[in-house]
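# Observations on the model geometry
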Amino acid sequence: CIGSSDFIGEEYYTYCDLPEGETDEALEHFSIEKDRTYLIPVLKKSLEYNPDILFLASPWSPPAWMKTSGKLGGGKLKPEYFSVWAKYLLKYIQAYEAEGIPIYAITVQNEPNMIHMDYPTTLWNGEMQRDFIRDHLGPLFKDNNIKTLIWCWDHNWNNLDFPRAILGDPQAAQYVDGTGFHLYEGKVEAQSELKSEFPDKHIYFTEGSVFRTTGAIRIMDIIRNWSRTYNAWVTMLDEHRKPNRGPHSASATIIELKDDLSVEYRYDYFMYGQFMKFIQRNALRIDSNIPDIRNFSNIAFLNPDGNMVLVAANATKKEIVFAVSCNDKSFSYTLPASSIATFLWKP
């Protein structure tokens, strides 16, 4: 999160908070110091475990003094601060790179159609984001040789007109690598609809947790509809589903911190692992048939190392026998009720 989200135990903040009535167009007070207590150490530890990890960053709100509401909650970015907000995002990327934390991609705004006064939110429309990327953020990144990718939209499947406004403008689209989607409204097929309209732009799934075996099938649907990623939200809370200062309730997370500081790895942690431990970065999705059985699905990939991966999920209440045929070889398997299995082989 570029600044704070709603899942935080302290006061909401940005990197340039000022007393009411003050402004700082030169961003002289910009500082990521508040991230040093928890966030930056965790990201550095993550890089120790996996030096190849990719970080997607997204802001919930610009500083209050840049907004029409004068608060982190609600309002829009004032047009006169478009260039300042672009410089703010540039300074964020540069500050994190100085910490040894490269930012792979950013979105301009987390959930730009969400407006709420009680936690950081900021309202955008497609035309605003188009103009901001085209006239400010894109050229600024280019002039400063920033390799961080720009993803537009970053909200639900139910509003394709927003990314259309950006991707349909060649001057803006040249700076945009793809579109991020969330799952809270609309249907996943919207991803394929947008991909068919703009085939040279990527689709990414940037936020939304799924659960149990039906969740595995939902991940399959997301990837079958052209998404190159699946990003869960949120990964870990305590057993009271805290910290959470925002107005939204939270489900039990895939990893849960207990009161005695022990850690529980829940079912969904291992469900995610059926995909993430075996499907390599830049794997190519391979077409595979889905039997006409409700709550049963699969998805297949060719990994860069040459291995084939197939994940099958049975969310029914009975075991299912199925067969897999690849080139001139085949095998059969009996998948128990409410279970997931991953198969790996050389073609």
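Check the entry above for the structure.
Reading guide: rules and limits
Residues numbered from 1 in each chain as written. Predicted model: local features only at pLDDT ≥ 70, side-chain atom pairs only at ≥ 80, totals over all residues. Heavy atoms only, no water. Salt bridge = Lys/Arg side-chain N within 4 Å of Asp/Glu carboxyl O. Helix = DSSP H or I, 4+ residues; strand = E, 2+ residues; numbered from the N terminus. Axes fitted to C-alpha atoms, helices over the stretch in contact; angles between N-to-C directions. Parallel < 35°, antiparallel > 145°, perpendicular 65-115°, else oblique. Left-handed = near helix turned anticlockwise from the far one by under 90°. Contact = heavy atoms within 4.5 Å. Nonpolar A, V, L, I, M, F, W, Y, C, P; charged D, E, K, R; others polar. Core = buried A, V, L, I, M, F, W, Y, C linked by side-chain atoms within 4.5 Å. Buried < 20%, exposed > 50% of the residue type's maximum accessible area, 1.4 Å probe, protein only. Pairing = 2+ DSSP bridges. Polar contact = N/O pair within 3.5 Å; in protein donor to acceptor, adjacent residues only side chain to side chain. Phe/Tyr/Trp six-rings, centres within 6.5 Å; stacked < 30°, edge-to-face > 60°.

## Examining the pattern of salt bridges
- The full count for this structure, using the stated rule, is 17 salt bridges.
- K44 is the salt-bridge partner of E99, the closest N and O atoms lying 3.0 Å from each other. On the criterion of sequence distance, the pair formed by E99 in the loop between α2 (82-98) and β2 (105-107) and K44 in helix α1 (residues 39-49) is long-range, its members being 55 residues apart.
- Among the charged side chains, a salt-bridge network with shared partners connects R130, D131, R134, D135 and D169.

## Describing the packing of α2 against helix α3 (residues 126-143)
- Axis separation between α2 and α3 bottoms out at 9 Å; the angle between their running directions is 50°. Judged by the inter-axis angle, α2 sits oblique to α3. Crossing angle aside, the handedness with which α2 passes α3 is right-handed. Contacts between α2 and α3 pair F82, S83, W85, A86, K87, L89, L90 and I93 from the former with M128, F132, H136, L137, L140 and F141 from the latter.
- Looking at side-chain class alone, the contact of α2 with α3 contains eleven nonpolar, two polar and one charged residues.

## With respect to the nonpolar core
- Within the largest apolar cluster, 84 residues are counted, with the highest numbers of intra-cluster contacts made by Y88 and F132.
- Per-element accounting of this core gives the leading share, eleven residues, to α2.
- If sequence neighbours within four positions are ignored, Y88 has contacts with I2, T14, Y15, C16, L27, F30, P63 and M66.
- Among the nonpolar cores identified, the runner-up in size contains 13 residues, and M308, L310, A341 and W345 belong to it.

## Here's the deal with the pairing of strand β4 (residues 178-182)
- Counted residue by residue, β4 has five buried out of five residues, so it is predominantly covered.
- Inspection of the sheet shows strand β3 (residues 149-156) paired to β4 by five bridges, in the parallel sense. Directly across from W153, in β4, lies its bridge partner G180.
- Direction of pairing for β4 relative to strand β5 (residues 202-207): parallel, over a ladder of five bridges.

## So, the side chain of N314
- With respect to the element layout, N314 can be found in strand β12 (residues 308-314).
- A distance of 2.6 Å separates a polar atom in the side chain of N314 from a polar atom in the side chain of T316.
- Here P336 takes part through its backbone oxygen, which lies 3.0 Å from a polar atom of the side chain of N314.
- Those residues in contact with N314 that sit more than four places away from it in its chain are T213, N295, F296, E319, I320, L335, P336, A337, S338 and S339.

## Details of the packing of aromatic side chains
- Under the defined criterion, the tally for this structure stands at 27 aromatic pairs.
- Note on F205 and Y230: the rings are 5.4 Å apart at their centroids and 5° apart in plane angle, and the pair reads as stacked. Of the two residues, F205 is situated in strand β5 and Y230 in strand β6 (residues 227-230); the sequence distance between them amounts to 25 residues. Comparing F205 with Y230 shows no difference in burial state: the two are buried.
- Ring geometry for Y269 against F270: centres 5.1 Å apart, planes inclined by 85°, an arrangement best described as edge-to-face.
- Through a chain of ring-to-ring contacts, the aromatic side chains of Y13, Y15, F30, W85, Y88, Y92 and Y96 assemble into a single cluster.

## Re the pairing of strand β13 (residues 320-326)
- Of the two faces of β13, only the one carrying I320, F322, V324 and C326 is buried; V321, A323 and S325 on the other face are not.
- Direction of pairing for β13 relative to strand β14 (residues 329-335): antiparallel, over a ladder of seven bridges. Considered in β14, the bridge of F322 is made with Y333.
- Here β13 folds back onto β14, and the loop between the two strands holds two residues, one of which, N327, carries a positive phi near 55°.

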